[in-house]
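# Notes for the structure review
The chain contents come next:
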Amino acid sequence: MRPELRDGDVGFGELRRRELLGDDVAAGGFLAAVAVGEDGVIVVDCPPEEAGPLTDALEANQLSLIRLTTPTTDDKRAPTVFHNTSGFVYYVSVLGITGTKAPDLKSVKANVNRLRKHTALPICVGFGVKTAEQARAIARDADGVVVGSALVSAVEKSLTKAG
């Protein structure tokens, strides 16, 4: 993130676009993040072993590459995942589809603390966080909490049949 900001804007994308649209269009999409003032991107389908060109392009444009970790990211895999990760680490608190399960707070605490051994980056926790109580409990151990499920639920409840 830019040092003058307390929080940042993060884009969400996938490299599959490259296969569909070509390298130039896909790169332009990620680099458009610079033009709109984003601080980093989450690229869900880019394993660390294939991230070299993407990492180079993002670094050249001062964009962070934020990686996802999950309950299945073990201590052997964690250093590979965190290599060239910047900005923060996004810990996915539940397996499966976001918003369908509640996070196991004891598991989240244990995994966040375990992952801290592998990175000095802030760890933010998301996926399945729906209530203020969950967010407060997670915030005791994590550096940040992502509440996308709560936002989606609020928007859904506000919609009428006409949209």
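For the structure itself, look to the data block above.
To keep things clear, this report deals only with the structure shown in the data block. (Residues numbered from 1 in each chain as written. Predicted model: local features only at pLDDT ≥ 70, side-chain atom pairs only at ≥ 80, totals over all residues. Heavy atoms only, no water.)

### Brief notes about the pairing of strand E3 (residues 64-69)
The buried fraction of E3 amounts to five of the six residues, a majority that puts the element mostly inside the structure. As judged from the three bridges shared by strand E2 (residues 40-43) and E3, these two strands associate in the parallel manner. Residue pairing in the sheet places Gly40 in a bridge with Ser64 of E3. For the handedness criterion, the β-α-β arrangement of E2, helix H3 (residues 52-60) and E3 is classed as right-handed. Looking at chain direction, E3 and strand E4 (residues 89-92) are connected through three bridges and run parallel. Across the sheet, Leu68 pairs through a bridge with Tyr90, a residue of E4. (Buried < 20%, exposed > 50% of the residue type's maximum accessible area, 1.4 Å probe, protein only. Helix = DSSP H or I, 4+ residues; strand = E, 2+ residues; numbered from the N terminus. Pairing = 2+ DSSP bridges. Right-handed = clockwise from strand over helix to strand, strands pointing away.)

### Concerning the pattern of salt bridges
If you walk through the whole model with that rule in mind, you get four salt bridges. Between Asp75 and Arg114 there is a salt bridge; the shortest N-O distance is 3.0 Å. Highlighted residues: Asp75 in the loop between E3 and helix H4 (78-82) and Arg114 in helix H5 (residues 105-115), separated in sequence by 39 residues. For Arg114, a relative accessible area of 16% corresponds to the buried category. One salt bridge in this structure joins Glu133 and Arg136, with 3.7 Å as the shortest N-O distance. Pair noted here: Glu133 and Arg136 are both in helix H6 (residues 132-139), with a separation of three residues, about one helical turn. (Salt bridge = Lys/Arg side-chain N within 4 Å of Asp/Glu carboxyl O.)

### Comments concerning the packing of aromatic side chains
One pass over the structure, following the stated rule, counts one aromatic pair. Seen from their ring centres, Tyr90 and Phe127 are 5.8 Å apart, and the 85° between their planes marks the pair as edge-to-face. Of this pair, Tyr90 sits in strand E4 while Phe127 sits in the loop between strand E5 (123-126) and H6, placing them 37 residues apart in sequence. By relative accessible area, Tyr90 is classed as buried at 10%. (Phe/Tyr/Trp six-rings, centres within 6.5 Å; stacked < 30°, edge-to-face > 60°.)

The analysis is restricted to geometry; functional conclusions fall outside its scope.
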